[in-house]
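Below, each chain spelled out in residue letters.
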Amino acid sequence: QVQLVESGGGLVQAGGSLRLSCAASGRTFGSYDMGWFRQAPGKEREFVAAINWSGGNTYYADSVKGRFTISRDNAKNTVYLQMNSLEPEDTAVYYCAASRKKPTAWDSQTLYNYWGQGTQVTVSS
């Protein structure tokens, strides 16, 4: 089992940047595929980005492609989400998630076994 704790959220002006971190407990972090999702007020949770266990493959939602970058440091048990050129539409609670299932649809919430509590990102116009 793995526990996930997100950090790095906050209030930023449109056009600004934030870097989210997700720290994982346990000694098997390197065997998990990781994802970031977000949920805006009144909307369903949606996929943002994912990275495979080695960091060699990454996947992005079209809405963030070219602006967000997912990465991981397995030595630090941490996955990151660098968010640049933020827009008010990026305002949401951001969640990280971990998966040990055979990867099928990276953007499907059912792929992921474990979830963090989330961190709020607010982008002002």
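The structure contained in this document is the topic of the report that follows. All values derive from a computational prediction rather than experimental measurement. (Residues numbered from 1 in each chain as written. Predicted model: local features only at pLDDT ≥ 70, side-chain atom pairs only at ≥ 80, totals over all residues. Heavy atoms only, no water.)

1. Section: the overall build of the chain
Okay, step 1: Within the chain, the secondary structure is distributed over zero helices and 11 strands.
Okay, step 2: Overall, the chain shows an N-to-C arrangement of helices and strands of β-β-β-β-β-β-β-β-β-β-β.
Okay, step 3: Projecting the C-alpha coordinates of the chain onto the three principal axes gives extents of approximately 40 × 25 × 25 Å.
Okay, step 4: Counting the 125 residues in the chain, one finds 43% classified as buried.
Okay, step 5: Taking the intrachain contacts of the chain between residues at least 6 apart in sequence as the baseline, contacts between residues at least 24 apart amount to 58%.
Okay, step 6: Total accessible area on the chain is roughly 6,500 Å²; 45% of this is exposed by carbon and sulfur atoms.
Okay, step 7: Positive and negative charge centroids in the chain, built from 12 and 10 side chains respectively, lie 9 Å apart. (Helix = DSSP H or I, 4+ residues; strand = E, 2+ residues; numbered from the N terminus. Buried < 20%, exposed > 50% of the residue type's maximum accessible area, 1.4 Å probe, protein only. Contact = heavy atoms within 4.5 Å. Areas by Shrake-Rupley, 256 points an atom, 1.4 Å probe, with all protein chains shown as cover. Lys, Arg positive; Asp, Glu negative; His and termini not counted. Charge placed at Lys NZ, Arg CZ, Asp CG, Glu CD.)

2. A word on the state of the cysteines
Okay, step 1: Taken as a whole and assessed by the stated rule, the structure comprises one disulfide.
Okay, step 2: With a sulfur-sulfur separation of 1.9 Å, Cys 22 is cross-linked through a disulfide to Cys 96. In this structure, the disulfide formed by Cys 22 and Cys 96 twists by about 45° around the S-S bond and is classed as right-handed. With Cys 22 in strand E3 (residues 18-24) and Cys 96 in strand E9 (residues 92-99), this residue pair connects regions lying 74 residues apart in the sequence. (Disulfide = S-S within 2.5 Å.)

3. Some remarks on the nonpolar core
Okay, step 1: Counting residues in each nonpolar core, the largest one holds 36 residues, and the members touching the most others are Met 34, Trp 36, Leu 81, Met 83 and Tyr 94.
Okay, step 2: Of all elements in the fold, only E3, strand E4 (33-39), strand E5 (46-51), strand E7 (68-73), strand E8 (78-83), E9 and strand E11 (119-124) reach the threshold of two or more residues within this core.
Okay, step 3: Discounting chain neighbours no more than four positions away, the residues touching Leu 81 are Leu 18, Arg 19, Leu 20, Trp 36, Val 48, Ala 49, Phe 68, Thr 69, Ile 70 and Tyr 94. (Core = buried A, V, L, I, M, F, W, Y, C linked by side-chain atoms within 4.5 Å.)

4. With respect to the packing of aromatic side chains
Okay, step 1: Throughout the structure, instances matching the rule amount to six aromatic pairs.
Okay, step 2: A ring pair is formed by Tyr 59 and Trp 106, whose centres lie 4.6 Å apart and whose planes are at 15°; its orientation type is stacked. Of this pair, Tyr 59 sits in strand E6 (residues 58-60) while Trp 106 sits in the loop between E9 and strand E10 (114-115), placing them 47 residues apart in sequence.
Okay, step 3: With centroids separated by 6.1 Å and ring planes inclined at 65°, the aromatic side chains of Tyr 112 and Trp 115 adopt a geometry described as edge-to-face.
Okay, step 4: Taking NZ or CZ as reference, Arg 72 lies 4.6 Å from the ring centre of Phe 29, over its face.
Okay, step 5: Over the ring of Tyr 32 we find Arg 100; its NZ or CZ atom is 5.2 Å from the centre of that ring. (Phe/Tyr/Trp six-rings, centres within 6.5 Å; stacked < 30°, edge-to-face > 60°. Lys NZ or Arg CZ within 6 Å of the ring centre and 35° of its normal.)

5. Re the pairing of E7
Okay, step 1: Residues Phe 68, Ile 70 and Arg 72 line the buried face of E7, whereas the alternating positions Thr 69, Ser 71 and Asp 73 sit on a face that is not buried.
Okay, step 2: Connecting the antiparallel pair E7 and E8 is a turn made up of four residues, with Asn 77 showing a positive phi of about 55°. (Pairing = 2+ DSSP bridges.)

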